Amino acid sequence: MKVIYEDNHIIIVSKESGEIVQGDKTGDKPLSEIVKEYIKEKYQKPGEVFLGVVHRLDRPVAGLVVFARTSKALARLNKMFAEGEVHKTYWAIVAESPQVSEGTLEHWLVRNEKQNKSYAYDREVPHSKKAVLRYSIISHGNHYMLAEVELLTGRHHQIRCQLSKIGCPIKGDLKYGAPRSNPDGSISLLSRRVEFIHPVSKQPIVVEAPVPADNLWQALAPKE
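The rules behind the values
Residues numbered from 1 in each chain as written. Predicted model: local features only at pLDDT ≥ 70, side-chain atom pairs only at ≥ 80, totals over all residues. Heavy atoms only, no water. 1 Å grid on protein atoms, 1.4 Å probe; cavity = no way out; pocket = protein on both sides within 12 Å on 5 of 7 lines; lining within 4 Å. Points joined across faces, edges and corners; volume = space filled by probe spheres on them. Helix = DSSP H or I, 4+ residues; strand = E, 2+ residues; numbered from the N terminus. Buried < 20%, exposed > 50% of the residue type's maximum accessible area, 1.4 Å probe, protein only. Core = buried A, V, L, I, M, F, W, Y, C linked by side-chain atoms within 4.5 Å. Contact = heavy atoms within 4.5 Å. Salt bridge = Lys/Arg side-chain N within 4 Å of Asp/Glu carboxyl O. Disulfide = S-S within 2.5 Å. Phe/Tyr/Trp six-rings, centres within 6.5 Å; stacked < 30°, edge-to-face > 60°. Lys NZ or Arg CZ within 6 Å of the ring centre and 35° of its normal. Pairing = 2+ DSSP bridges.

A. Spatial organisation of the layout of surface pockets. A volume near 1,600 Å³ is recorded for the largest pocket. Lining the largest pocket are 43 residues, and of these R56, L57, D58, H156 and H157 sit closest to its centre. If you list the elements that add at least two residues to the lining of the largest pocket, you get α2 (71-82), β5 (87-94), β6 (102-112), β9 (145-151) and α3 (158-165). As a volume, the second largest pocket reaches approximately 410 Å³.

B. Region of the structure containing the environment of L133. The residue L133 is located in strand β8 (residues 129-140) in this model. Assessed through its relative accessible area of 0%, L133 is described here as buried. Between the alpha carbons of L133 and T89 there is a distance of 9.9 Å; along the sequence they are 44 residues apart.

C. Examining the nonpolar core more closely. In this structure, V35, F67, I159 and L189 are the most contacted members of the largest nonpolar core, which totals 29 residues. If you list the elements that add at least two residues to this core, you get β2 (10-15), α1 (31-42), β4 (62-68), β5, β8, β9 and α3. When residues in this core are grouped by element, the largest group, four residues, is from β9. V35 has contacts with M1, I11, V13, L51 and F67, leaving out every residue within four places of it along the chain. If you look at the next biggest cluster of nonpolar residues, it comprises 26 residues, including I12, A73, I93 and W217.

D. Spatial organisation of the pattern of salt bridges. Using the criterion set out here, one finds 14 salt bridges in the structure. Its salt-bridge partner being E83, residue K79 comes within 3.3 Å of it at the nearest N-O pair. With a closest N to O distance of 3.1 Å, R193 and E208 form a salt bridge. Of this pair, R193 sits in strand β10 (residues 189-197) while E208 sits in strand β11 (residues 204-208), placing them 15 residues apart in sequence. Taking relative accessible area as the criterion, E208 reaches 36% and is therefore assigned partly exposed. In the salt-bridge network here, residues are joined through shared partners; they are R192, R193, E195 and E208.

E. Quick peek at the side chain of H198. Relative to the helices and strands, H198 is located in the loop between β10 and β11. Contacts of H198, omitting those with residues within four sequence positions, involve Y5, D7, H9, I10, Q203 and I205.

F. The arrangement of the state of the cysteines in detail. Counting across every chain of the model gives zero disulfides. In this model C168 remains outside any disulfide bridge; the closest cysteine sulfur is found in C161, 13 Å from its own.

G. Structural context of the packing of aromatic side chains. Evaluated as defined, the whole model comprises zero aromatic pairs. Between the NZ or CZ atom of R69 and the centre of the ring of Y43, over which it lies, the distance is 4.7 Å. Residue placement shows K117 over the ring face of Y176; its charged tip is 5.5 Å from the ring centre.

H. Seen up close, the pairing of strand β1 (residues 2-6). Inspection of the sheet shows β1 paired to β2 by four bridges, in the antiparallel sense. Within β2, the position partnered with V3 by the bridge is V13. In textbook terms, the turn of a hairpin is the stretch between consecutive antiparallel strands, and for β1 and β2 this stretch comprises three residues.

I. Region of interest: unusual backbone geometry. For N116, which is not glycine, the phi torsion reads 50° and is therefore positive. Topologically, N116 is positioned in the loop between β6 and β7 (117-121).

J. Geometry of α3. For α3, a buried count of six out of eight residues is recorded, marking the element as mostly surrounded by other parts of the structure. Along α3, the positions that sit buried rather than exposed are Q158, I159, R160, C161, Q162 and L163. Here the buried face of α3 lies against β5, β6, β7, β8, β9 and β10. Looking one or two places after α3, you find G167, whose phi comes out positive at around 85°.

Below, the structure written as structure tokens:
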């Protein structure tokens, strides 16, 4: 875990792939508990530390996670996420090039709880939710390319599912059609940038996650 931004009301960290944001049936220690321990130690807080989880990031995905440090920030951030006022940009490594190098994808997603997987359809079907994202290919390597994705809706496994639907599964994402897994069990998807108006101070917040140290990520990431 790396702290990217913190103040009295919010804390934004960059998680490693493999970490879970909230506790689940695995019993593994979640990121939320690690952040609580960090706050407790840094600020010498007695008793229980308040930390609100406002969104999640799939376990095999790396990058930015926003937490609330106060109940006021939690309530406002929940509302902002629900109303699309938090803008999230992702980077994804794919092997196949989409037919056009940039565009908007619109699908109807159906979530299968038992499989923990979503299925994309070109039209509305029973129990489906509309999913919209914008993408552009921002760099090319010998075998892979880097796509930048802006989420316009927040659906279960949305980026993974929609890119797979157009024949561009994310590197390492076996669940959505990649031919092989990554050695560390990650998928090559990074929550790269988060932008929003601070829920209390009303100042604009724009933060970016560090690029993973992996050689392919370093080769494909646009140089500053």
